[in-house]
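What follows is the residue order along each chain.
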Amino acid sequence: MSNADRHGLIAKVVRDAGGATVQELAELTGASEMTIRRDLDALAAQGVLERVRGGARTLLLRGEEPPFALRAREGTDVKRRIAAAVCALIADGESVLLDSGTTCLEVARLLRERPVTVMPLSLQAIHLLGETPGPATLVVPGGQPRAAEGALTGPLTLASLAALRFDTAVIGCCGLTAADGLTAYDLDDAAVKKAAIASSRRIVAAADGSKLGHTAYAHVGPAALVHTLVTDATASAEEVTAIEDGGTVVRTV
């Protein structure tokens with residue numbers, strides 16, 4: 001098991017169970033207890049978990065958003081497939097508004113090789129698109145980054161969105177159901193998503209299957225606002241059908 005795979009497994013076990021001991025994690029992964037202690041120290045330094053005597057415990061309250069560092073480790077293959085399908089929907093020359101989040105960051109990796117205009121709403125995607133010259137044109141909004149997330153929020157971000165119009169908005173979501181619509185964990189993030197939707201001709205939602213059927217704290221809007229949803233095969237078939245019945249085209253990768 002690679003270091004990345006082991007870290008991902010440890011983070012998931014601690015999050016799901018609320019905590020775990022060094023001995024339990026060593027038995028689960030087949031690694032030595034010394035290695036597990038080093039892993040826990042590294043994950044604690046990234047804000048993924050809290051180090052306690054003899055093990056670790058989760059930092060998450062019920063319903064709280066997992067840290068960016070943890071989400072970035074999870075489901076990378078699925079996120080890359082979703083990103084590829086999203087990019088296939090975008091034509092050369094389009095203006096694209098790119099939401100924050102780990103799946104949208106994978107979209108940024110692909111769009112930087114395309115002749116499109118992109119305004120990302122996270123520091124991570126801005127850095128990715130700006131680090132090497134390419135055919136993509138980068139437009140940077142104002143705003144205040146959320147700690148650890150790098151997502152841009154606040155009046156300057158909202159003003160940037162109000163001043164522009166985009167062909168496509170690629171929106172990430174914390175939850176999506178036919179009944180409750182698009183939801184986010186943070187009220188400021190929800191406000192940015194609403195403004196992004198209002199400024200764009202077409203809305204493409206990029207969400208892995210775990211987001212479907214889940215409802216987060218802050219309401220963004222009804223599911224019918226989404227023209228196309230790109231998800232993966234783990235998504236609830238019942239939820240997919242309900243979302244399609246509302247008029248959204250669903251593409252499964």
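Bear in mind that the values here come from a model prediction, so they are computed numbers and not experimental data.

Asks: Residue-level account of the overall build of the protein, with values.
Replies: Each helix and strand in the protein was counted, giving 10 helices and 15 strands. At 19 Å, the protein has a C-alpha radius of gyration in line with the 18 Å of a compact globule built from 253 residues. Its C-alpha atoms give the protein principal-axis dimensions of about 55 × 45 × 30 Å. For the protein, with 253 residues in total, the buried portion stands at 49%. Pairs at least 24 apart in sequence give 58% of the contacts found in the protein among residues at least 6 apart. Working note: accessible area of the protein is about 11,700 Å², and carbon and sulfur atoms make up 53% of it. Side chains of the protein carry 25 positive and 30 negative charges; the gap between the two charge centres is 3 Å.

Asks: Run through the packing of helix 1 (residues 3-17) against helix 3 (residues 33-45), naming residues and quoting values.
Replies: Here helix 1 crosses helix 3 at 75°, and the two axes come no closer than 10 Å. Relative to helix 3, the element helix 1 is oriented roughly perpendicular. Of helix 3, the residues touching helix 1 (which contributes R6, H7, I10 and A11) are T35, I36, D39, L40, A42 and L43. Tallied by class, residues from the contact of helix 1 with helix 3 come to six nonpolar, two polar and two charged.

Cut-offs used in this document
- Residues numbered from 1 in each chain as written.
- Predicted model: local features only at pLDDT ≥ 70, side-chain atom pairs only at ≥ 80, totals over all residues.
- Heavy atoms only, no water.
- Helix = DSSP H or I, 4+ residues; strand = E, 2+ residues; numbered from the N terminus.
- Rg over C-alpha atoms; globule rule 2.2 N^0.38 Å.
- Buried < 20%, exposed > 50% of the residue type's maximum accessible area, 1.4 Å probe, protein only.
- Contact = heavy atoms within 4.5 Å.
- Areas by Shrake-Rupley, 256 points an atom, 1.4 Å probe, with all protein chains shown as cover.
- Lys, Arg positive; Asp, Glu negative; His and termini not counted.
- Charge placed at Lys NZ, Arg CZ, Asp CG, Glu CD.
- Axes fitted to C-alpha atoms, helices over the stretch in contact; angles between N-to-C directions.
- Parallel < 35°, antiparallel > 145°, perpendicular 65-115°, else oblique.
- Nonpolar A, V, L, I, M, F, W, Y, C, P; charged D, E, K, R; others polar.

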